[in-house]
Amino acid sequence: MAIEVETPEGPRPVLELRRVVKSFGPVVALRSGSLALERGSIHALIGENGAGKSTLVKIVAGLYRRDAGEFLLDGRSVDFSSTAQSKAAGIAVIYQEPTLFPDLSVTENIFMGRQAVKRLGRIDRRAMRAEALEIFGRLGVSLDPDRVTDGLSIADQQIIEIAKAISLDARVLIMDEPTAALSGVEVERLFAVARSLRDEGRALLFISHRFDEVFALCDTVTVMRDGSYVDTTPIGDTTVDELVRQMVGRDVTELYPKLDARIGDVVLEVDGLTRAGVFRDISFEVRAGEIVGLAGLVGAGRSEVARAIFGVDPYESGSVRLEGALLPKRDPRAATSRGIALVPEDRRKQGLVLDDGVSRNLTLAIRSKLATWGLLWGGSENQAAQVWASRLDVKAAALDAETGTLSGGNQQKVVLGKWLATEPKVLIVDEPTRGIDVGTKAEVHRLLSQLAQQGLAILMISSELPEVLGMADRVLVMREGRLTGGFTREQATPEAIMHAATALTEAVR
Amino acid sequence: MTTTQAPVRTYKAHAQPAWRRMVLTRESAIIVMLVLVVLVSLVTVRNFDSPLTVTYLLRDVAPILLIALPMTLIIVTEEIDLSVASIVGLASVVTGLLAQAGLPFPLAALAAVLVGTLAGGFNGFLVTVVGLPSLAVTIGTLALFRGIAVGLLGTTAITDFPEYWTDLAKANIPGTPIPVIMVLFAVLALVFAVVLHFTPFGRSLFAIGLNKEAAAFSGIDVARTKFRLFVLSGAVSGFAGVYFTLLYSNARGDNAMGMELQIIAAVLLGGVSIFGGRGALHGVIAGVLLIGTLGSALRLAGISSDIINVITGLLLIASVVSTSLLAWLQARRSAAIGRRRGRDHRRSEPAPH
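Given the structure is predicted, the values throughout are model-derived calculations rather than measurements.

Caption draft 1: Main features of the domain arrangement of chain A. All names here are of chain A. By domain assignment, chain A separates into domain 1 (15–248), domain 2 (251–339 + 424–509) and domain 3 (357–423). Domain 2 and domain 3 are separated by 26 Å when their C-alpha centres are compared. Summing both partners gives a buried area of about 1100 Å² for domain 2 against domain 3, and 72% of it is carried by carbon and sulfur. On inspection of domain 2 and its partner domain 3, the count reaches one salt bridge. A salt bridge links Lys 413 to Glu 443, with the shortest nitrogen-to-oxygen separation between them at 2.9 Å. Counting across the domain 2 and domain 3 interface gives two residue pairs in polar contact (both at pLDDT 80 or more). Of all elements in the fold, only β17 (426–430) and α16 (438–453) reach the threshold of two or more residues within the side of domain 2 that touches domain 3. Residue contributions to the side of domain 2 that touches domain 3 peak at five residues, all from α16. A breakdown of the residues in the side of domain 2 that touches domain 3 according to their chemical character gives nine nonpolar, two polar and four charged.

Caption draft 2: Region of interest: helix α4 (residues 125–139) of chain A. Residue and element names in this part refer to chain A. Between its first and last C-alpha atoms α4 spans 21 Å; for 15 residues at 1.5 Å apiece the expected length is 21 Å, and the two agree. Among the residues of α4, Met 128, Ala 132, Ile 135, Phe 136 and Leu 139 are the ones counted as buried. Seen from one end, α4 has its buried residues packed into an arc of 100°, which puts them on one side. Within α4, the exposed residues directed more than 90 degrees away from the buried face are Arg 126 and Gly 137.

Caption draft 3: A look at the sheet that holds strand β15 (residues 325–326) of chain A. All names here are of chain A. One open sheet accounts for four strands, arranged β12-β11-β14-β15; its pairing is antiparallel. Strands with a single pairing partner mark the edges of an open sheet, and in this sheet they are β12 (279–287) and β15. Sheet analysis places strand β11 (residues 266–275) next to β12, joined by six bridges and oriented antiparallel. Directly across from Glu 269, in β12, lies its bridge partner Glu 285. Strands in contact with helix α9 (residues 302–310) are β11, β12 and β14 (317–322); relative to β12, the strand with the most contacts, it is inclined by about 70°.

Caption draft 4: Fine view of the sheet that holds β17(A). Residue and element names in this part refer to chain A. The strand order across the open sheet formed by six strands is β16-β17-β18-β13-β19-β20, and the pairing between neighbours is mixed. Of all the strands in the sheet, just β16 (340–343) and β20 (482–488) have a single pairing partner and so form its edges. Averaged over all pairs of adjacent strands, the angle between their axes in this sheet comes to 20°, without regard to strand direction. Relative to β17, β16 is paired through four bridges, and the arrangement is parallel.

Caption draft 5: Structural detail: a positive patch on the surface. All names here are of chain A. Taken together, Lys 118, Arg 119, Arg 122 and Arg 126 make up a surface patch of like positive charges. For Lys 118, the location among the structural elements is in the loop between α3 (106–110) and α4. Residue class for Lys 118 comes out partly exposed when judged on its relative accessible area of 40%.

Caption draft 6: Main features of the pairing of strand β4 (residues 68–73) of chain A. Residue and element names in this part refer to chain A. Examined bridge by bridge, strand β1 (residues 15–24) and β4 share five bridges and lie antiparallel to one another. In the strand pairing of β4, Leu 15 is matched with Leu 73. Where β4 meets strand β5 (residues 76–77), two bridges bridge the pair, whose relative direction is antiparallel. Note that in β5 the partner of Leu 72 across the bridge is Ser 77. Counting the residues that bridge the hairpin from β4 to β5 gives two residues, and of these Asp 74 lies at a positive phi of roughly 55°.

Caption draft 7: Region of the structure containing the pairing of strand β10 (residues 228–234) of chain A. Residues and elements named next belong to chain A. Counted residue by residue, β10 has five buried out of seven residues, so it is predominantly covered. Pairing analysis gives six bridges linking strand β9 (residues 220–225) to β10, with the strands arranged antiparallel. Bridge pairing in β10 places Arg 225 opposite Ser 228. Between the antiparallel neighbours β9 and β10 lie two residues, among them Asp 226 with a positive phi of about 50°.

Caption draft 8: Layout of unusual backbone geometry. Of note in this structure, A:Arg330 is not a glycine but carries a positive phi near 50°. Topologically, A:Arg330 is positioned in the loop between β15 and α10 (332–338). Phi is positive for B:Asn47, close to 70°, though the residue is something other than glycine. For B:Asn47, a relative accessible area of 45% corresponds to the partly exposed category.

Caption draft 9: Region of the structure containing the side chain of A:Gln386. Take A:Gln386: it is sitting in helix α14 (residues 378–391). The class for A:Gln386 is buried, based on a relative accessible area of 17%. Ignoring sequence-local partners within four residues, the contact set of A:Gln386 consists of A:Leu399, B:Arg9, B:Thr10 and B:Tyr11.

Caption draft 10: Structural view of the packing of helix α5 (residues 105–129) of chain B against helix α11 (residues 222–248) of chain B. Residues and elements named next belong to chain B. Packing of α5 against α11 leaves a shortest axis separation of 7 Å and a crossing angle of 150°. Where α5 crosses over α11, the two elements pack in a sense that is right-handed. Residues belonging to the contact of α5 with α11 are distributed by class as follows: 14 nonpolar, nine polar and one charged.

Caption draft 11: Up close: the packing of aromatic side chains. With the rule as written, the count across this model stands at eight aromatic pairs over all chains. Centroid distance A:Phe310 to A:Trp419: 5.5 Å. Interplanar angle 90°. Geometry classified as edge-to-face. On the criterion of sequence distance, the pair formed by A:Phe310 in helix α9 and A:Trp419 in helix α15 (residues 408–420) is long-range, its members being 109 residues apart. For the pair A:Phe310 and A:Trp419, a shared accessibility class is recorded, and that class is buried. Taking 5.6 Å as the distance between ring centres and 35° as the angle between the ring planes, the aromatic pair formed by B:Phe105 and B:Trp165 counts as tilted. With B:Phe105 in helix α5 and B:Trp165 in helix α7 (residues 163–170), the pair connects residues that are 60 residues apart, well separated along the chain. A connected cluster of aromatic rings, assembled from ring pairs, spans B:Phe105, B:Phe161, B:Tyr164 and B:Trp165. The ring of A:Trp388 carries the charged tip of A:Arg391 above its face, separated from the ring centre by 4.8 Å.

Caption draft 12: Here's a closer look at the pattern of salt bridges. Residues and elements named next belong to chain A. Evaluation of the coordinates by the stated rule reveals 33 salt bridges over all chains. In this structure, the salt-bridge partner of Asp 67 is Lys 22, at a minimum N-O distance of 3.9 Å. Separated by 45 residues along the polypeptide, Asp 67 in the loop between α1 (53–61) and β4 and Lys 22 in strand β1 bring together distant segments of the chain. Measuring nitrogen to oxygen at the nearest pair gives 3.7 Å for the salt bridge that ties Arg 302 to Glu 431. Taken together, the residues Arg 302 in helix α9 and Glu 431 in the loop between β17 and α16 connect sequence positions 129 residues apart. On the basis of relative accessibility, which here comes to 5%, the residue Arg 302 falls in the buried class. Judged by relative accessible area, which is 6%, Glu 431 ranks as buried. Counted as one network, the salt bridges with shared partners bring together Glu 134, Arg 138, Asp 169, Glu 200 and Arg 202.

What counts and what doesn't
Residues numbered from 1 in each chain as written. Chains lettered and ligands numbered in written order. Predicted model: local features only at pLDDT ≥ 70, side-chain atom pairs only at ≥ 80, totals over all residues. Heavy atoms only, no water. Domains from an automatic or database assignment. Buried area = accessible area lost by both parts, 1.4 Å probe. Salt bridge = Lys/Arg side-chain N within 4 Å of Asp/Glu carboxyl O. Polar contact = N/O pair within 3.5 Å; in protein donor to acceptor, adjacent residues only side chain to side chain. Helix = DSSP H or I, 4+ residues; strand = E, 2+ residues; numbered from the N terminus. Nonpolar A, V, L, I, M, F, W, Y, C, P; charged D, E, K, R; others polar. Expected span 1.5 Å × (residues − 1). Buried < 20%, exposed > 50% of the residue type's maximum accessible area, 1.4 Å probe, protein only. Arc of directions from axis to C-beta. Pairing = 2+ DSSP bridges. Contact = heavy atoms within 4.5 Å. Axes fitted to C-alpha atoms, helices over the stretch in contact; angles between N-to-C directions. Patch = residues over 30% accessible without salt bridge, like charges linked within 9 Å, V, L, I, M, F, W, Y side chains within 5 Å. Areas by Shrake-Rupley, 256 points an atom, 1.4 Å probe, with all protein chains shown as cover. Lys, Arg positive; Asp, Glu negative; His and termini not counted. Charge placed at Lys NZ, Arg CZ, Asp CG, Glu CD. Left-handed = near helix turned anticlockwise from the far one by under 90°. Phe/Tyr/Trp six-rings, centres within 6.5 Å; stacked < 30°, edge-to-face > 60°. Lys NZ or Arg CZ within 6 Å of the ring centre and 35° of its normal.

Given below as structure tokens:
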């Protein structure tokens, strides 16, 4: 699948990655990452969530070390073991939300840790201020070098990070989804800055989910998928449709065998659910036996909707009904007893008490049911835990083994077991297979499929398109807090979902 | 509801054999130390074995024992209540003033318990509704409640209480050197132990202490639970204030000054983690008795109270160090096992990107 990056005749790339591999335990995050950045050029890197873009960037930034493959800088092989080495080599990474010192001035932030000094080690404020102003002038932005950075917009904070990179004379600038939190005008200014940097001969890498920006700004585009390099093309030689096809193109139907289930009555009814600034006017229903996939990009507000339905988070207006009866707001206990279960996004923080035993975790949500006359004797919890651990085939040394010592897949099984033990009517699973090994992933999919056959209504939030396409009877798509698409199993194509998730709905229809 | 056709596995209930789980614990260590201190004192300290020593020891330690019960629950949820001794003082003053005003003593006592409960409710309100850290809140109310208590009574003391009640506070179980208050304590301790270790409510306390967020996602109302604990702590402290007043026939604003630190020290010595989620009530009771017995024996041996404080402090530090040492040794051991078993048992894996 992955092919070699063609090294174009012409200038030698300043930074080049060839078939770089990185895995975390059993999880392979990067199978074969390749990339070539050239001087005086803006390069786009696109791909689905989990395609390996961030891992690639972190290797370049010195946060991770590659397991295999080549990493060349000016044609010489390098191996960074810290971000300091990467910085010293002239690489700067600007993240989505910069981390500045809020109580220090703009100038102090730019020169943090390497202040200009006069004799006797006194800090030369005037020289630093002059250099900051000079950089701002080159970038064509006006920023007060003396004000504290607290209260500056994210766009201005990014400019400070860029100024820092320039003062370090960075040759390679990597911008990881810099526009996600910016308004239209701010994006324009950032682009103008990026172009002036390109014209100075620096190499830029721009990671984005927004195709219109990629086409407006970049010269070349590299697509990644499933941790592997797919293709690199000059921007003029490709189209949005072609890029989407490259991002999602794979055979999805064979991966996740979905069993046919009889679709019954409406169980969960969400109507006009709104939480200011997070999600707006969300309405949908889930029927017994149905798996509804909720797709979209990370940050689209899907998990927040799930948490509001379950009652962990508040919402301002709208309603949630279970089998026709209104569910109280902000009351996870009522939601649980009425038959809603939520397997949350972050199993280590939200799903499990990692320092407690497997048995205690499996029975935490049903602890009141297990008590006789209000008392819990060790036996009743262990009996229930035994049942659920063995049904889900949890691999653990003993029922009192600390859950934190289990592998990620087995931890996820414990969370699933904990919620299935409540005998829910609606199961909401948020990224049910994130970060777990392939074998367990297939087990989870088979389990969800069987549960639907038994009449459970399932809402599955997933950022993995193949998972959504393989498992869901119906697919809903969210973007920036709103439902932007609804597809039946037959209508749901990778292209349609990606378009609905990335703001290009009109372009396709 | 059946799910997968996975092979039926049976799991061991416990990774370690029963004797290891029972013997190699922090609680057992404290109990053993308590027994050792008692035995050594019996042999080496004159008069330690007299009935009067036992009576005075148990009387003095009774308020600490009582308040340590709700304090344990609070520390298990990773909170703290530093205002308990000030509530004892406030309740003492309220008892004295109302009794002096001619109210029947049981009513005065009830009012004092009520004031304690309200004080606890105030703490709980600031911690759970306003959302302030309990350390800051109760440092504040430590000063506030003490200030009100001293302000109400000035530097005077009320010493006139109905003899029936003061005698009851000092009475022993007939035929033993054990004060009657210990019967009440035994009942309360049993109730607290059952609640903490054998009820769904107790499970929720440990879950909150180990991971608040996961507890909330499991349908536990974290704020309401904590609020209840602070109210309970106030009520018990109020009652301890009444007992304290009767025992010494003395209602003063500065009664039980500094007792909060003795209580918290004993709870921590008894094996409750200051970071929440760990601890057992029998360890706490042994911890209180250990500090009390040691102090009593050293006093009888003619050692000054300054030295006793130094020894108590060292004991606490030693116990904390020993726990960390134990945890470190265990971590090393399980790491060695983990290496032998290979990749299956790795503790965690980072997210894939």
